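Report on the structure
Below are the chains, spelled out letter by letter.
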Amino acid sequence: MPHRVLANSIPTALRVLKKARDQYLLTTNPAERAITAEQFAGLDPVNPPAPALPSFLNRFLKETGEVDIAVGEQGTATDAFSAARKRAAMFVSHFHQVYDLGVAREVYAAAGRSYYGRSISDTTIPDPGDDDDLADALDAIIKGETDRQTAEGAAFVAMSNPSAAQVVAVRTAFNTARNPKKLALEKTDREREEASVMLPEALERCKDIYDTVEYFYRKDTNDSSRRQKCERWGVAYAFDPNEPATPPANPPAPDNPPAPNP
């Protein structure tokens, strides 16, 4: 036997509330409206004049719409940051690779690795894990190049391809893109929290609509017909596993088959 499926999330709650709203507006005969005027007042798409509040559904749509906008902005900021992060990680890797090649050619001293946060004998290229590790690696290169210059004095040979100045530029781009990404993520979290505050009331309104609609059509003895009518108002049904689909509301009589298509 099919059973009704209550809304349990923001998307499913919005589906129920919007379907009930739209069906109410389509039903011009008040006697055929399966929900009450009071219930529709919480779904009314027309905002009342100030200082009255918009309907619950309009406020709920506003909050959920702000979540969608925030997610879009977060995606844009994340894409920009991902590109900056990828470039920064490449520069960190290339800096250490080039320095190690210089050590092999005796251009740089192996001891100089210590200025960049590596052990003297470490030939493994640093692989920054998270964003904080990468930021630290960039800072270590920039500070390390200055410290090495101070320590080596006249014997100092500056790194190139990339230079410390190039790493500074990459770090600036990394930090510039990182901050909007963090702010966008915080905004998305905040908007989701504000929408979630309204969810319990939305779910309660959905359940109330279910109860009212099913009671309205309680005298329809044809199960399939009754469910179809209720579904127009947002009530959702599901079949149990391995249960056959619902037969049509008005199946053709065995001795009166439908006419073939011309």
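Preceding this section is the structure that the text describes.
These remarks concern the structure in this document. Source: prediction; values computed, not measured. (Residues numbered from 1 in each chain as written. Predicted model: local features only at pLDDT ≥ 70, side-chain atom pairs only at ≥ 80, totals over all residues. Heavy atoms only, no water.)

Scanning the protein chain for helices and strands turns up six helices and two strands. Secondary structure elements in the protein chain, listed N-terminal to C-terminal, are β-α-α-α-α-α-α-β. Its C-alpha atoms give the protein chain a radius of gyration of 33 Å, clearly above 18 Å, the size a compact globule of 262 residues would have. The principal-axis extents of the C-alpha atoms in the protein chain amount to approximately 100 × 55 × 35 Å. (Helix = DSSP H or I, 4+ residues; strand = E, 2+ residues; numbered from the N terminus. Rg over C-alpha atoms; globule rule 2.2 N^0.38 Å.)

With that out of the way, let us pick up helix H5 (residues 164-216). A rise of 1.5 Å per residue sets the reference length of H5, with its 53 residues, at 78 Å; its end C-alpha atoms lie 75 Å apart and thus fit the reference within 8%. Remark: the principal bend of H5, roughly 35 degrees, maps to Leu199, with a proline, Pro200, within the next four residues. (Expected span 1.5 Å × (residues − 1). Bend = angle between axes of the 7 residues up to and from the residue.)

In this section: the state of the cysteines. Throughout the structure, instances matching the rule amount to zero disulfides. With no disulfide partner, Cys206 has as its closest neighbouring cysteine sulfur the one in Cys230, 15 Å distant. Look at Cys230 and you get buried, because its relative accessible area is 1%. (Disulfide = S-S within 2.5 Å. Buried < 20%, exposed > 50% of the residue type's maximum accessible area, 1.4 Å probe, protein only.)

Our focus in this paragraph is the packing of helix H3 (residues 56-104) against H5. Running from N to C, H3 and H5 point in directions that differ by 155 degrees, and their axes come no closer than 7 Å. If you check the angle between H3 and H5, you find them roughly antiparallel. Relative to H5, the crossing made by H3 is left-handed. For the contact of H3 with H5, the per-class residue count stands at 24 nonpolar, five polar and 14 charged. (Axes fitted to C-alpha atoms, helices over the stretch in contact; angles between N-to-C directions. Parallel < 35°, antiparallel > 145°, perpendicular 65-115°, else oblique. Left-handed = near helix turned anticlockwise from the far one by under 90°. Nonpolar A, V, L, I, M, F, W, Y, C, P; charged D, E, K, R; others polar.)

Right, let's get into the pattern of salt bridges. Here the structure, examined in full by the defined rule, presents 18 salt bridges. Ionic pairing is found between Asp211 and Arg4, a salt bridge with its closest N-O pair at 2.9 Å. On the criterion of sequence distance, the pair formed by Asp211 in helix H5 and Arg4 in strand E1 (residues 3-4) is long-range, its members being 207 residues apart. Residue Asp100 is joined to Arg118 by a salt bridge in which the shortest nitrogen-to-oxygen separation is 2.9 Å. Here Asp100, found in helix H3, pairs with Arg118, found in the loop between H3 and helix H4 (131-152); they are 18 residues apart in sequence, far enough to count as distant. You can call Arg118 buried: its relative accessible area is 6%. (Salt bridge = Lys/Arg side-chain N within 4 Å of Asp/Glu carboxyl O.)

This brings us to the packing of aromatic side chains. Within this structure, the stated rule accounts for seven aromatic pairs. Note on Phe95 and Tyr116: the rings are 5.1 Å apart at their centroids and 75 degrees apart in plane angle, and the pair reads as edge-to-face. Within this pair, whereas Phe95 is found in helix H3, its partner Tyr116 is found in the loop between H3 and H4, the two being separated by 21 residues in sequence. Across the pair, exposure class does not vary: Phe95 and Tyr116 are buried alike. Between Phe216 and Tyr217, the ring centres sit 5.0 Å apart and the planes meet at 90 degrees, which makes this aromatic pair edge-to-face. By relative accessible area, which is 34% here, Phe216 ends up partly exposed. (Phe/Tyr/Trp six-rings, centres within 6.5 Å; stacked < 30°, edge-to-face > 60°.)

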